[in-house]
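# Structural description and commentary
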Amino acid sequence: QVQLVASGGGLVQPGGSLRLSCAASGFTFSLYTMSWVRQAPGKGLEWVSDISSGGGSAYYTDSVKGRFTISRDNARNTLYLQMNSLKPEDTAVYYCAKKGLIPSIVPASWGQGTQVTVSS
């Protein structure tokens, strides 16, 4: 069964940094483009970033360009998101996922995600 476990979230002040991790299992991680997706309170799911299977290409939503960096370690089946210069509007639950259409309901395979709260 596909399982994706995100971790590393927490409470930070505006301008601070966090590094999120995602442990993947149940599929051949190195063959798939991976994504980070987030859900702010009361809002729908929003795509944040993609990284190609080998890590050579990365893409970001405009609101995080220049602040976030996606990376992966295929030997450890792990996806990362380095988040710098955090803003209150980055507050959300962050999930990792295989690249695809953004669902309206969080799939069970995505787990609980990890909460990021940016507040002074």
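The paragraphs below set out a description of the structure included in this document. From a predicted model like this one, the values you see are computed outputs, not experimental measurements.

### Things to note about the sheet that holds strand β1 (residues 3-7)
Sheet architecture is open: four strands sit in the order β1-β3-β8-β7, paired in antiparallel fashion. What marks the edges here is a single partner per strand, and that holds for β1 and β7 (68-73). This sheet shows a mean twist of 15° between the axes of neighbouring strands, independent of strand direction. Alignment of β7 against strand β8 (residues 78-83), held across six bridges, turns out to be antiparallel. In the sheet register, Arg 72 faces β8, and the bridge partner there is Leu 79.

### Regarding the packing of aromatic side chains
Tallied over the entire structure, the rule returns three aromatic pairs. With a centroid separation of 5.5 Å and 80° between ring planes, the pair formed by Phe 27 and Tyr 32 is classed as edge-to-face. Classification of Tyr 32 as partly exposed rests on a relative accessible area of 33%. For Arg 72, the ring lying beneath its charged end belongs to Phe 29, and the centroid distance is 4.3 Å. Above the face of the Tyr 32 ring, Lys 98 is positioned so that its terminal group lies 4.2 Å from the ring centre.

### A few points about the nonpolar core
Formed by 32 residues in total, the largest nonpolar core has its most connected members in Leu 4, Trp 36, Phe 68, Leu 79, Leu 81, Met 83 and Tyr 94. For this core, the secondary-structure elements that each account for two or more residues are β1, β3 (18-25), β4 (34-39), β5 (45-51), β7, β8, β9 (92-98) and β10 (114-118). Element by element, the count of residues in this core is highest for β9, at six residues. Excluding anything up to four places from it in sequence, Tyr 94 contacts Ala 6, Leu 20, Trp 36, Val 37, Arg 38, Phe 68, Leu 81, Met 83, Gly 113, Thr 114 and Val 116.

Conventions we followed
- Along each chain, the written sequence defines residue order, and numbers are assigned to residues from 1.
- Only residues with pLDDT of at least 70 get local features here, since the model is predicted, and only at 80 or more are side-chain atom pairs given and counted; chain-wide, interface and lining totals rely on the full set of residues.
- With hydrogens and water stripped out, all remaining heavy atoms of the structure feed into the side-chain values.
- When DSSP finds at least two bridges between two strands, those strands are taken to pair.
- Secondary structure elements follow DSSP: runs of H or I of four or more residues count as helices, runs of E of two or more count as strands, with numbering from the N terminus.
- Note on geometry: axes are C-alpha line fits, over the in-contact stretch for helices, and angles between N-to-C directions span 0 to 180 degrees.
- The criterion for an aromatic pair is that two Phe, Tyr or Trp rings (for Trp, the six-membered ring) have centres within 6.5 Å, with stacked assigned to planes under 30 degrees apart, edge-to-face to planes over 60 apart and tilted to the rest.
- The buried label goes to any residue with under 20% of its type's maximum accessible area, the exposed label to any with over 50%, and the partly exposed label to all in between, with areas taken from a 1.4 Å probe on protein chains only.
- Charge-over-ring placement is defined geometrically: NZ (Lys) or CZ (Arg) within 6 Å of the ring centre, and within 35 degrees of the ring normal.
- Buried Ala, Val, Leu, Ile, Met, Phe, Trp, Tyr and Cys residues form a nonpolar core when they are joined through side-chain atoms within 4.5 Å.
- Residues count as neighbours in contact if any of their non-hydrogen atoms are within 4.5 Å of one another.

Geometric values such as these leave the question of function open.
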